[in-house]
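For reference, the chains in residue letters:
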Amino acid sequence: MWHDLMAVQIPIVEKVLRTVAVYVLILVLFRLAGKRGLAGLNTFDMVVVFLLSNVVQNAIIGNDNSLLGGAIGAVTLVAVNAGVTRWLARDPKAARLLEGRPTTVVKDGKLVEGALHGLALRPSELEHAIRIQNGDKLGDVARARLEPDGQLLVALKHGEQSATRADVEDLRHRLAEIERLLTAIAADRRPPG
């Protein structure tokens, strides 16, 4: 029993190479699928992720059902991912190559022609992102873009933005000044004595 758990049934170098190859393949597939594949996962995306993990399992482990073999694959996968993540954080050119560039989908309250279709985004997803970010409708948006990591960022037109704490504090100061001036005017109008 212990032998079956600990005896790696294929060479360790092969296991590492299999894991790296599958990682690169999936990275390329997601890059080709575009930003939409990395955006908020819907039901269909979740099905693909679950099935994808099952499909590539044998490509990673090969004819090896040992615990140690699985651990080697897992450690390799996590290490490669950590290395790629650190590399992308340090190298903007590599990040642009592997992740792509942001794509503007709304400019000055109007959809950018073909942007939703090219990204496979539905109008309802865009409307939802606008509402989450305090907009009411497309016309409220100065600019919206889909970032390489799949996040949809919405910048509302200045007049459509919610009041900030600084805005409220500024109004409090102005009201206090108005009260002070009204009190002074009322005091000046009182008859003496």
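Residues numbered from 1 in each chain as written. Predicted model: local features only at pLDDT ≥ 70, side-chain atom pairs only at ≥ 80, totals over all residues. Heavy atoms only, no water.

1. Concerning the environment of Leu-181
Right, on to step 1. Counting through the fold element by element, Leu-181 comes out in helix H8 (residues 165-189).
Right, on to step 2. Assessed through its relative accessible area of 41%, Leu-181 is described here as partly exposed.
Right, on to step 3. A C-alpha to C-alpha distance of 58 Å links Leu-181 and Leu-88, two positions 93 residues apart in sequence. (Helix = DSSP H or I, 4+ residues; strand = E, 2+ residues; numbered from the N terminus. Buried < 20%, exposed > 50% of the residue type's maximum accessible area, 1.4 Å probe, protein only.)

2. What about the side chain of Thr-76?
Right, on to step 1. One can find Thr-76 in helix H4 (residues 67-90).
Right, on to step 2. The contact partners of Thr-76, leaving out residues within four places of it in the chain, are Val-16, Thr-19 and Val-20. (Contact = heavy atoms within 4.5 Å.)

3. Section: the sheet that holds strand E4 (residues 152-156)
Right, on to step 1. Spatially, E2-E1-E3-E4 is the arrangement adopted by the four strands of the open sheet, whose pairing is antiparallel. For this open sheet the edge positions go to strand E2 (110-111) and E4, each flanked by a neighbour on one side alone.
Right, on to step 2. As defined by bridge partners, strand E1 (residues 103-107) adjoins E2 across two bridges and the pair is classed as antiparallel. For Val-106, the partnering residue across the bridge sits in E2 and is Leu-111.
Right, on to step 3. Running over the sheet, helix H7 (residues 123-132) touches E1, E2, strand E3 (141-146) and E4 and is turned about 55° from E4. (Pairing = 2+ DSSP bridges. Axes fitted to C-alpha atoms, helices over the stretch in contact; angles between N-to-C directions.)

4. A look at the side chain of Ser-66
Right, on to step 1. Here Ser-66 lies in the loop between helix H3 (43-61) and H4.
Right, on to step 2. Engagement of the side chain of Ser-66 in a polar contact is seen with the side chain of Asp-64, the distance being 2.7 Å. (Polar contact = N/O pair within 3.5 Å; in protein donor to acceptor, adjacent residues only side chain to side chain.)

5. Brief notes about the nonpolar core
Right, on to step 1. Of all hydrophobic cores here, the largest spans 15 residues; its most connected members are Val-105, Val-106, Leu-126, Val-141, Ala-144, Leu-152 and Val-154.
Right, on to step 2. Among the elements of the structure, E1, helix H6 (115-119), H7, E3 and E4 are those that each provide at least two residues to this core.
Right, on to step 3. Those residues within four positions of Val-105 in sequence are excluded, and the remaining contacts are Lys-110, Leu-111, Val-112, Ala-115, Leu-116, Leu-119, Leu-126, Ala-144, Arg-145 and Leu-152. (Core = buried A, V, L, I, M, F, W, Y, C linked by side-chain atoms within 4.5 Å.)

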